[in-house]
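Below, each chain spelled out in residue letters.
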Amino acid sequence: MNHPFSTNAVEPDISLSICGYSKVLDIISNKWTALVIYAMEDGIIRYSDIRRRIEGISKKMLTQTLRQLERDGLVKREITPSVPPIVEYSLTPLGVSLLEPMRALNQWTSENYVWVEKARASYDQVGQEE
């Protein structure tokens, strides 16, 4: 029997279908998702305000991202009947619970991304010399 953390596993011990890392990446890996969540971290926000806050996001991508986040239970959409209707978005409690780990990833990036860039540059330079 293999130890659960053994690197000598005879059978795969990491599965896309059950791995927690894979599942969370399925939720947040779209490049717009994290930005949309960050745009809503201060509370209720209108569609047009989200779009103004996020550089380069198209109406189509914002709509798709919001729909997916709503489907995943991370965002709540409320429509106030008026002319035109007022549509507001907010994070659900589940969405709010995602802010802390996302902030931790953001902090890690702030502290370490320069090292990633240096490693890439070094790797690319060695690749060009070969």
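Please read these numbers as outputs of a predicted model, since none were measured by experiment.

About the thresholds
- Here the residue index of a chain counts from 1 through its sequence in written order.
- Per-residue local features of the predicted model are confined to residues with pLDDT of at least 70, and side-chain atom pairs are confined, for both listing and counting, to 80 or more; whole-chain, interface and lining totals are unaffected and use all residues.
- As a rule here, side-chain values come from all non-hydrogen atoms in the structure, and water together with hydrogens is ignored.
- Here a helix means four or more residues in a row that DSSP labels H or I, a strand means two or more in a row labelled E, and each is numbered from the N terminus.
- Note on method: radius of gyration uses C-alpha positions; expected globular size equals 2.2 Å times residues raised to 0.38.
- Burial here depends on accessible area, computed with a 1.4 Å probe over protein chains only, as a share of the maximum for the residue type. Under 20% is buried, over 50% is exposed, and the range in between is partly exposed.
- A contact between two residues is defined here by any heavy atoms of the two lying within 4.5 Å.
- Under the counting rule used here, the positive set is Lys and Arg, the negative set is Asp and Glu, and His together with the chain ends is not counted.
- The atom standing in for a charge is NZ when the residue is Lys, CZ when it is Arg, CG when it is Asp and CD when it is Glu.
- Strands were regarded as paired on the criterion that DSSP finds at least two bridges between them.
- In summary, the pairing rule links any two rings of Phe, Tyr or Trp, Trp by its six-membered ring, whose centres are within 6.5 Å, and it sorts them by plane angle into stacked for under 30 degrees, edge-to-face for over 60 and tilted for everything else.
- Charges are assigned to positions over rings by a cutoff of 6 Å between ring centre and Lys NZ or Arg CZ, combined with an angular limit of 35 degrees from the ring normal.
- For this document, the term salt bridge refers to a Lys or Arg side-chain nitrogen within 4 Å of an Asp or Glu carboxyl oxygen.
- To form a nonpolar core, buried Ala, Val, Leu, Ile, Met, Phe, Trp, Tyr and Cys residues must be joined to one another through side-chain atoms within 4.5 Å.
- To estimate the expected span of a helix, count its residues, drop one, and scale the result by 1.5 Å.
- Starting at the helix axis, one direction is taken to each C-beta atom, and the arc is that of these directions.

Asks: Which residues make up the overall build of the protein chain, and what values go with them?
Replies: Looking only at helices and strands, the protein chain features five helices and three strands. Secondary structure elements of the protein chain, listed N to C terminal, follow the sequence α-α-β-α-α-β-β-α. Taken against the 2.2 N^0.38 rule, which gives 14 Å for 130 residues, the C-alpha radius of gyration of the protein chain at 20 Å runs more than 25% over that of a compact globule. For the protein chain, the C-alpha atoms occupy an extent of roughly 65 × 45 × 25 Å along the three principal directions. Within the protein chain, buried positions represent 22% of all 130 residues. Residue pairs at least 24 apart in sequence account for 43% of intrachain contacts in the protein chain once pairs closer than 6 positions are excluded. Distance between charge centroids for the protein chain: 11 Å, based on 15 positive and 17 negative side chains.

Asks: Which residues make up the pairing of strand S2 (residues 75–80), and what values go with them?
Replies: With six bridges connecting them, S2 and strand S3 (residues 86–91) associate as antiparallel partners. Looking at S3, one finds that Glu 78 is bridged to Glu 88. Adjacent in sequence and paired antiparallel, S2 and S3 are bridged by five residues.

Asks: Which residues make up the packing of aromatic side chains, and what values go with them?
Replies: Counted according to the given criterion, the structure contains zero aromatic pairs. Above the plane of the ring of Trp 115 lies Lys 118, whose end atom (NZ or CZ) is 4.7 Å from the centre.

Asks: Quick one: what's the story with the sheet that holds strand S1 (residues 45–46), residue by residue and with numbers?
Replies: Strands sit in the order S1-S3-S2 across an open sheet of three strands; the sheet is antiparallel. Single-partner strands in this sheet number two, and they are S1 and S2.

Asks: Kindly report on the pairing of S3, identifying the contributing residues and their values.
Replies: Pairing of S1 with S3, which is carried by two bridges, proceeds in the antiparallel orientation. Counted as the bridge partner of Arg 46 is Glu 88 from S3.

Asks: Just give me the short version of the pattern of salt bridges, but keep the residues and values in it.
Replies: In this structure the tally under the stated criterion is four salt bridges. When the shortest N-O distance is used, the salt bridge between Glu 78 and Lys 76 registers 2.7 Å. By relative accessible area, which is 41% here, Glu 78 ends up partly exposed.

Asks: Which residues make up the nonpolar core, and what values go with them?
Replies: Counting 20 residues, the largest nonpolar core has Val 36, Ile 37, Met 40, Ile 50, Ile 54, Leu 66 and Val 75 as its most contacted members. Contributing elements (two or more residues each) for this core: helix H2 (33–39), helix H4 (59–71), S3 and helix H5 (93–129). Setting aside chain neighbours within four positions, we find Leu 66 in contact with Val 36, Met 40, Tyr 47, Ile 50, Val 75 and Tyr 89.

Asks: Quick one: what's the story with the environment of Ile 27, residue by residue and with numbers?
Replies: On the secondary structure map, Ile 27 appears in helix H1 (residues 20–28). Separated by 14 residues in sequence, Ile 27 and Asp 13 have C-alpha atoms that sit 22 Å apart.

Asks: Explain H4 residue by residue, including any values.
Replies: In a regular helix each residue adds 1.5 Å, so 13 residues correspond to 18 Å; H4 covers 18 Å between its end C-alpha atoms and thus fits that length. Within the span of H4, buried status applies to Leu 62, Thr 65, Leu 66 and Leu 69. Buried residues along H4 cover an arc of 95° about the axis, so they all sit on one side. Opposite the buried face of H4, at more than 90 degrees from it, the exposed residues are Lys 60, Arg 67 and Arg 71. Here the buried face of H4 lies against H2, helix H3 (47–53), S2 and S3. Directly after H4, the chain includes Gly 73, whose backbone phi takes a positive value near 85°.

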